[in-house]
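If you want the building blocks of each chain, they are given just below.
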Amino acid sequence: RQQEEGKKDIIIPHGGDYLFPQDEVTVIGEANAVESMGSYFGLSEKKLSSVVIVGGTLVGRYLASILQESGVHVRIIDDNKQRCEELSKELSEVTILYNQVIDQNFLESEKVKHADCFVVSTPDDAENLYISMLARRCGCKRIMSTIEDSNYTLVAGDFGIDFTISSRESAA
């Protein structure tokens, strides 16, 4: 819910709350229940077909594994050669790309703007913000990023990030 220009109010709904036009809703739960929510709201279902993940971290690996099992085309970009080799053995259906992660020309050449979602998951929050900005400049429409520092989370939207994920907050 937008309070004022550019600021979003996050709520956990209760019985007396309402959805308004332009509200964004994140649903967390069992896969089958979450998948059925779209039809409940009268929304057309659009399944992911391709995702780009920057960073072969544990979060990136786990996400790629889940998406691979769901038949989504996944590409992981990482700047650590040994990690890329491990990822290619671990994730047989995922395309692993060894390259600098802060490289707009490379992102454009990989046509990342055509991916349904661009996920940034390096261990460095500041780097994640910067890569997210590059992704937005490349034309990516949906950008998610891992952000651990709550101070960075406050400005994530200013950097073109649609959704942030914190492993610390998720575990809490």
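Residues numbered from 1 in each chain as written. Predicted model: local features only at pLDDT ≥ 70, side-chain atom pairs only at ≥ 80, totals over all residues. Heavy atoms only, no water.

Peer 1: Just checking my understanding: could you explain the nonpolar core for this structure?
Peer 2: Generally speaking, soluble globular proteins have nonpolar side chains that are buried together. Ile77, Leu107, Val112 and Phe118 are the most contacted members of the largest nonpolar core, which has 21 residues in total. Among the secondary structure elements, those contributing two or more residues to this core are strand S3 (50-54), helix H4 (104-109), strand S6 (117-120) and helix H5 (125-137). Top contributing element to this core by residue count: H5, with 4 residues. Formed by 14 residues, the second largest nonpolar core is a distinct cluster that contains Leu67, Val72, Cys117 and Val119. (Core = buried A, V, L, I, M, F, W, Y, C linked by side-chain atoms within 4.5 Å. Buried < 20%, exposed > 50% of the residue type's maximum accessible area, 1.4 Å probe, protein only. Helix = DSSP H or I, 4+ residues; strand = E, 2+ residues; numbered from the N terminus.)

Peer 1: Got a minute to help me understand the pairing of S6 in this structure?
Peer 2: Looking along a regular strand, one sees side chains alternate from face to face of the sheet. The two faces of S6 match: Cys117 and Val119 on one face and Phe118 and Val120 on the other face are all buried. The pairing of S3 with S6 spans 4 bridges and is classified as parallel. For valine 54, the partnering residue across the bridge sits in S6 and is valine 120. Strand direction decides the pairing type here: S6 and strand S7 (residues 143-146), joined by 3 bridges, are parallel. Residue pairing across strands places valine 120 opposite serine 145, the latter belonging to S7. After leaving S6, the chain enters H5 and then returns to the sheet as S7, a path that is right-handed. (Pairing = 2+ DSSP bridges. Right-handed = clockwise from strand over helix to strand, strands pointing away.)

Peer 1: Explanation requested: the environment of serine 70 in the structure shown.
Peer 2: By secondary structure assignment, the location of serine 70 is in the loop between helix H2 (58-69) and strand S4 (73-78). Of the residues examined, serine 70 reaches a relative accessible area of 58% and is grouped as exposed. Residues serine 70 and serine 49, spaced 21 residues apart in sequence, show a C-alpha to C-alpha distance of 9.5 Å. At 3.1 Å, the side chain of serine 70 and the backbone oxygen of isoleucine 66 are in polar contact. (Polar contact = N/O pair within 3.5 Å; in protein donor to acceptor, adjacent residues only side chain to side chain.)

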